[in-house]
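Okay, here's what each chain looks like letter by letter:
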Amino acid sequence: MTTAAHHPRLRFAAAIGLLAALLLLLVPMLEAPAHASTATTARVTARGMTPNQQRVVNDINASRRSRGKHNLTPNRLMNQRAQGWAQHLASCQCLEHRAGPYGAPGGWCAAAENVGRSGNGGQLGALHFAFMRSSGHRANILNSRWTAVGVGVARDQAGEYFVVHAFADFSC
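Our subject in this report is the structure included herewith. Being a predicted model, the structure only gives us computed values, none of them experimental.

## Focus: the overall build of the chain
- If you tally the helices and strands in the chain, you get 5 helices and 5 strands.
- Put simply, the chain runs from its N terminus to its C terminus through helices and strands in the order α-β-α-β-α-β-α-α-β-β.
- The buried share of the chain, reckoned over its 172 residues, is 46%.
- Contacts in the chain between residues at least 24 apart in sequence constitute 75% of all its contacts with a sequence separation of at least 6.
- For the chain, the exposed surface amounts to about 8500 Å²; the carbon and sulfur share of it is 56%.

Written out as structure tokens, the structure is:
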């Protein structure tokens, strides 16, 4: 019996399928109305992150630093909301976006979201590289405007990772 792990053409087809799924999920950046309130700006530190959430933040910030961008600060509330969405995606075995502002608390002036899945038995780090190979996801990760990030990571029983990146600008 031939499996994807043992056959190069099947591995290649699986990788192309994952990339195609990521490309279908490009999300335009959401802009807040000019009158958005700054009184409720949330600058919460990232306490209580799982090791997988911390790894995703580290991957995001390493990609940003390697291109001369500032690190993003994890936002606790955005992390909680992104984690809930990642768990929803794993439960429904689907990829879909939340309505804007993608879990950002009040006070945002712009927001965006990336969602992705690794494929069964996929690796979390490989999913970050898939995001970086997708122009829309990469643009969200590297956008200089963002001041905060929230991440969610869920893994289903088959070993597939579902990842959510939520980005926000609270500088308005």
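Next comes the rest of the write-up.
## Some remarks on the packing of helix α2 (residues 51–65) against helix α4 (residues 124–133)
- Between α2 and α4, whose axes approach to 10 Å, the crossing angle comes to 35°. For the element pair α2 and α4, the recorded crossing hand is right-handed. On α4, the residues touching N52, R55, V56, D59, I60 and S63 of α2 are L124, G125, H128 and M132.
- Of the residues belonging to the contact of α2 with α4, the class tally is 4 nonpolar, 4 polar and 2 charged.

## Side note on empty space enclosed by the protein
- Under the definition given, this model contains 1 cavity of 30 Å³ or more.
- Counted as a void, the largest cavity has a volume near 40 Å³.
- Forming the walls of the largest cavity are V56, D59, L124, L127, H128, F131, V163 and H165.
- Looking at the lining of the largest cavity, the elements that each hand over two or more residues are α2, α4 and β5 (161–169).
- A total of 4 residues in the lining of the largest cavity trace back to one element, the largest contributor, which is α4.

## Concerning the environment of G152
- Position of G152 relative to the elements: it lies in strand β4 (residues 148–155).
- For G152, a relative accessible area of 0% gives the class buried.
- Contact partners of G152, with chain neighbours within four places excluded, come to Q53, A82, Q83, A86, F162, V163 and V164.

## Comments concerning the packing of aromatic side chains
- Applying the stated rule across the entire model yields 1 aromatic pair.
- Geometrically, the ring pair formed by W146 and F167 is stacked, given 6.0 Å between the ring centres and 20° between the ring planes. With W146 in the loop between α5 (135–142) and β4 and F167 in strand β5, this residue pair connects regions lying 21 residues apart in the sequence.
- Judged by its relative accessible area of 0%, W146 is buried.

## Things to note about unusual backbone geometry
- Note that the residue after G100, namely P101, is joined by a cis bond; omega there is 15°.
- Tracing the backbone through its elements, the reader meets P101 in the loop between α3 (76–92) and β3 (110–117).
- Although it is not a glycine, Q93 sits at a positive phi angle of roughly 55°.
- Checked against the element boundaries, Q93 lands in the loop between α3 and β3.
- On the accessibility criterion, Q93 (37% relative accessible area) is partly exposed.
- Within the chain, Y102 stands out as a residue other than glycine whose phi angle is a positive 60°.
- Examined against the element boundaries, Y102 turns out to sit in the loop between α3 and β3.

## What to know about the state of the cysteines
- Inspection of every chain in the model, using the stated rule, returns 2 disulfides.
- The residue that forms a disulfide with C109 is C172, at a sulfur-sulfur distance of 2.4 Å. Residues C109 and C172 are joined by a disulfide whose S-S torsion is about -95°; by sign, that bridge is left-handed. Taken together, the residues C109 in the loop between α3 and β3 and C172 in the segment after β5 connect sequence positions 63 residues apart.
- Numbered by order of appearance in the sequence, the disulfide-linked cysteines of the chain pair as 1-2, 3-4.

Cut-off values and rules
- Residue indices follow the written sequence of each chain, beginning from 1 at its first position.
- Selection of residues for local features in this predicted model requires a pLDDT of at least 70, selection of side-chain atom pairs for listing and counting requires 80 or more, and totals for whole chains, interfaces and linings are taken over all residues.
- Side-chain numbers come from the whole structure's heavy atoms, not from hydrogens or water.
- The numbering of helices and of strands both runs from the N terminus, where a helix is a DSSP run of H or I of at least 4 residues and a strand a run of E of at least 2.
- Buried means the residue's accessible area, taken with a 1.4 Å probe over protein chains only, is under 20% of the maximum for its type, while exposed means over 50%, and partly exposed covers the values in between.
- Residue contacts are counted whenever heavy atoms from the two residues lie within 4.5 Å of one another.
- With residues, only the protein chains shown are counted as cover, and all accessible areas are computed by Shrake-Rupley using a 1.4 Å probe.
- Axes here mean lines fitted to C-alpha atoms, for a helix over just the part in contact, with angles spanning 0 to 180 degrees between N-to-C directions.
- What makes a crossing left-handed is the near helix being turned counterclockwise from the far one by less than a right angle; a clockwise turn instead makes it right-handed.
- Three classes are used: nonpolar for Ala, Val, Leu, Ile, Met, Phe, Trp, Tyr, Cys and Pro, charged for Asp, Glu, Lys and Arg, and polar for all others, with Gly counted as polar.
- Put simply, the grid is 1 Å and covers the protein atoms alone, a cavity is a trapped set of points that fit a 1.4 Å probe, a pocket is an open set with protein on both sides within 12 Å along at least five of seven lines, and lining residues have an atom within 4 Å of a point.
- Grid points are joined across faces, edges and corners, and a volume is the space filled by probe spheres set on the points.
- For Phe, Tyr and Trp, rings pair up if their centres lie within 6.5 Å, where Trp contributes its six-membered ring, and each pair is then called stacked (planes under 30 degrees apart), edge-to-face (over 60) or tilted (otherwise).
- Disulfide: a pair of cysteine sulfur atoms within 2.5 Å of each other.

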